[in-house]
Amino acid sequence: MAEKVLAPMVGKIVKILVKPGDKVEEDQEIMVMESMKLESSIFAPCSGVIKEIKVSEGDRVEEDDELAVIE
Amino acid sequence: MAKSWSELVQELETKKEQLRQGGGKALQEKEHSKGKLTARERIDLLCDPGTFEEYDLFAKHIGRDYGLDKKELPADGVITGFGKVNGRGCMLYVEDFTVVAGTFGERHGKKICKIIDMARKYGYPVVGINDSGGARVTEQMGALSQYGQLFYRHVQASGVVPQIALIMGPVAGGQAYSPALMDFIFMVEKTSSMFIAGPPLVEAVVYEKTDEQSLGGPKVHARITGVSDGTWGDDKECLDMTRKLLSYLPLNNKEKPPYVDPDDSPDRKTTELEEIIPTDQKRLYNMRKVVEVVFDRGTFFELKKEFATNLIIGFARLNGHVVGVVANNPVKYNGALDYNAADKGSRFIRFCNAFNIPLINLQDVPGFLIGTRSEHNAIIRHGAKMLYAYSEATVPKITCVIRKAYAGGYLAMCSKDLGADVVYALPTAEICLMGPQGAVNILFRKEIAAAENPDEVRAKREAEFMEKYVNPLYPAGLQHVDDIISPAELRMKLIKALEMTLDKVEKSPDRKHGITPV
């Protein structure tokens, strides 16, 4: 089953730490975003394989925008 | 021949016992099989043993049609009376689902209204246990009018005595507005739901297929709507937590909240905060851990835990005194205030003010949440509630800036200007109108654009700006901060400020009421 990773808030993706095909563990840091003057990590909601990354570094995102899909 | 006393007493007891059975054993067992307790079992768990005094057990329903005139509805489906909780008085009404699904008829409504009138008159909190299929349709205007009477009474009692609603079954239709007009709502996992129209009506009128839990179950009201203040695993836990909630509240608005001798020392150093709060401003931490360390051990009772998690609210004790805690939590939105957090916070602040509960405010707020979505969700209107609620509050207000306190967020979390009695700052506090990035962009735009190495110039200008303005010494120099303290001193200092201000007297202007932004 695929699980979507959603943006927790409005802001900018500053770092992407994984690529499609990578295996990830639940709660592993997969991206870093910057918003409201702070950097915050985005963690994998479940264990699995990164199927798709839907953003690039520097992209601005809205809350609940899809960032990646884990399968 | 006249009956003897013993015959009369025996008859009375038999009648009472029959009425106390409500809808009877079979229906009681049906409730048990759903995981629910019966109305009387709930009263036994909520009240101190032997303290419940029932009134209006003999109340009769008014139904005349559809054969109802021949039916007995014991106590008209709601048990009402006075009991003690933790040795303190409390007025209760408890709907009995075994009597025509706890439906709300005219007499049923009158019984509840009487309890609220008594609560106001004698100065006791109201606890209402809701478990009802909604209005009793056969009573039409009788039921409708009593809903109105009930809503009116909730409003008259608002801010006079605490009103707590427990949702321990369905609450459907107009009746859902009764809890909504009270101060706190607790729900029970799986067995409770609240909506103004249930699934069959929703399907018939707006053609949407849904079920009770996804329409208005405890998860919906805990996470999405913020209607609920707490979700508990079962009836027993819900009633235990109600006893706990009442232990923080005064009986009425003329009293102070109950003081208990603390198990914790007022001199305890809170050195753990050095581990919890990162000095690197870009690193996040969980404010809940700060709250747990600072207040008397084990006394923090959080409300609306799953809703607007960027703001923590709840009751705690500080050297035995009850306080209301309002704290930004950087784990969501980096602590920024959005419309839901402002709604949650301002309502809580107003409750605390109405019931003489001092406010302790822990700030780490980068501002109000900005952007199109936030603006379109009316952050201006909702954010204004925080400013309003703190400005209006005359209880002791003590603030500590933990890290960020930017712009409107700083004011909205109770700054000196909104009447804070004492404001502390940790050395990590960044109190400012605008952060260094934004300020430098405005002040040195031309210089940066013309520079050979713009990044270097920007960094230099930002560092210089930080040094000048973004540190606690600058606002302390201007008396916006009363003292700069170390994390280890936080608990001690909050206690000292609280105890200094406990008997604060401040009068509000003479007026009917202000126009609170809603």
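Residues numbered from 1 in each chain as written. Chains lettered and ligands numbered in written order. Predicted model: local features only at pLDDT ≥ 70, side-chain atom pairs only at ≥ 80, totals over all residues.

Draft legend 1. Examining the overall build of chain A more closely. Looking only at helices and strands, one finds zero helices and eight strands in chain A. When the helices and strands of chain A are read in sequence order from the N terminus, they spell out β-β-β-β-β-β-β-β. Against the compact-globule benchmark of 11 Å for 71 residues, chain A has a radius of gyration of 11 Å, which places it among compact chains. Dimensions of chain A along its principal axes, counting C-alpha atoms only, are 35 × 15 × 15 Å. For chain A, buried positions account for 32% of its 71 residues. Restricting the contact set of chain A to residue pairs at least 6 apart, pairs at least 24 apart contribute 54%. (Helix = DSSP H or I, 4+ residues; strand = E, 2+ residues; numbered from the N terminus. Rg over C-alpha atoms; globule rule 2.2 N^0.38 Å. Buried ≥ 20, exposed ≤ 12 C-beta atoms within 10 Å, placed from the backbone. Contact = placed C-beta atoms within 7 Å.)

Draft legend 2. Highlighting the domain arrangement of chain B. Residue and element names in this part refer to chain B. In terms of domain boundaries, chain B breaks down into domain 1 (8–246), domain 2 (273–434 + 471–501) and domain 3 (436–469). If you average the C-alpha positions of domain 2 and of domain 3, the two centres end up 30 Å apart. Partitioned by chemical class, the residues of the side of domain 2 that touches domain 3 number three nonpolar, one polar and no charged. (Domains from an automatic or database assignment. Nonpolar A, V, L, I, M, F, W, Y, C, P; charged D, E, K, R; others polar.)

Draft legend 3. Highlighting the nonpolar core. Residues and elements named next belong to chain B. Judged by nonpolar contacts, the single largest core of 144 residues is most densely connected at Ile 167, Leu 337 and Leu 494. Residues contacting Leu 494, with those up to four places away along its chain left out, are Val 294, Leu 318, Ile 360, Ile 398 and Cys 400. In terms of nonpolar packing, the next biggest core, distinct from the first, is built from five residues, Leu 73, Phe 97, Val 99 and Val 100 among them. (Core = buried A, V, L, I, M, F, W, Y, C linked by C-beta atoms within 7 Å.)

Draft legend 4. Highlighting the sheet that holds strand β4 (residues 29–35) of chain A. Residues and elements named next belong to chain A. Strand order across the open sheet formed by four strands is β5-β4-β2-β7, with antiparallel pairing between neighbours. Unpaired on one side and paired on the other, β5 (38–43) and β7 (60–61) mark the two borders of the sheet. Sheet topology note: the β4/β5 ladder contains six bridges and is antiparallel. Paired with Glu 29 across the two strands is Phe 43, which belongs to β5. (Pairing = 2+ DSSP bridges.)

Draft legend 5. Up close: the interface of chain B and chain A. Contacts between the two partners involve 11 residues from chain B and, on the opposite side, 10 residues from chain A. Looking at side-chain class alone, the side of chain B that touches chain A contains five nonpolar, four polar and two charged residues.

Draft legend 6. Region of the structure containing the packing of helix α3 (residues 39–46) of chain B against helix α10 (residues 235–246) of chain B. Residues and elements named next belong to chain B. As a packed pair, α3 and α10 sit with axes 9 Å apart at the nearest point and diverge in direction by 40°. With respect to each other, α3 and α10 are oriented oblique. Note that α3 runs across α10; the crossing there is right-handed. The residues of α10 that touch α3, namely those facing Arg 42, Leu 45 and Leu 46, are Asp 235, Lys 236, Leu 239, Thr 242 and Arg 243. (Axes fitted to C-alpha atoms, helices over the stretch in contact; angles between N-to-C directions. Parallel < 35°, antiparallel > 145°, perpendicular 65-115°, else oblique. Left-handed = near helix turned anticlockwise from the far one by under 90°.)

Draft legend 7. Here's a closer look at helix α4 (residues 106–122) of chain B. All names here are of chain B. Here α4 contains 17 residues, and its C-alpha end-to-end distance of 24 Å stays within 8% of the 24 Å for a straight helix at 1.5 Å per residue. Buried within α4 we find Glu 106, Arg 107, His 108, Gly 109, Lys 110, Lys 111, Ile 112, Ile 115, Ile 116 and Ala 119. In this structure, the buried residues of α4 make contact with β2 (78–85), β3 (88–95), β4 (126–132) and α5 (140–157). A positive backbone phi angle near 75° is found at Gly 123, which sits one or two residues after α4. (Expected span 1.5 Å × (residues − 1).)

Draft legend 8. A look at helix α21 (residues 490–501) of chain B. Taking 1.5 Å as the rise per residue, α21 of chain B with 12 residues should run 16 Å; its terminal C-alpha atoms sit 17 Å apart, in good agreement. What α21 of chain B keeps buried is the set Leu 490, Arg 491, Lys 493, Leu 494, Ile 495, Ala 497 and Leu 498 of chain B.

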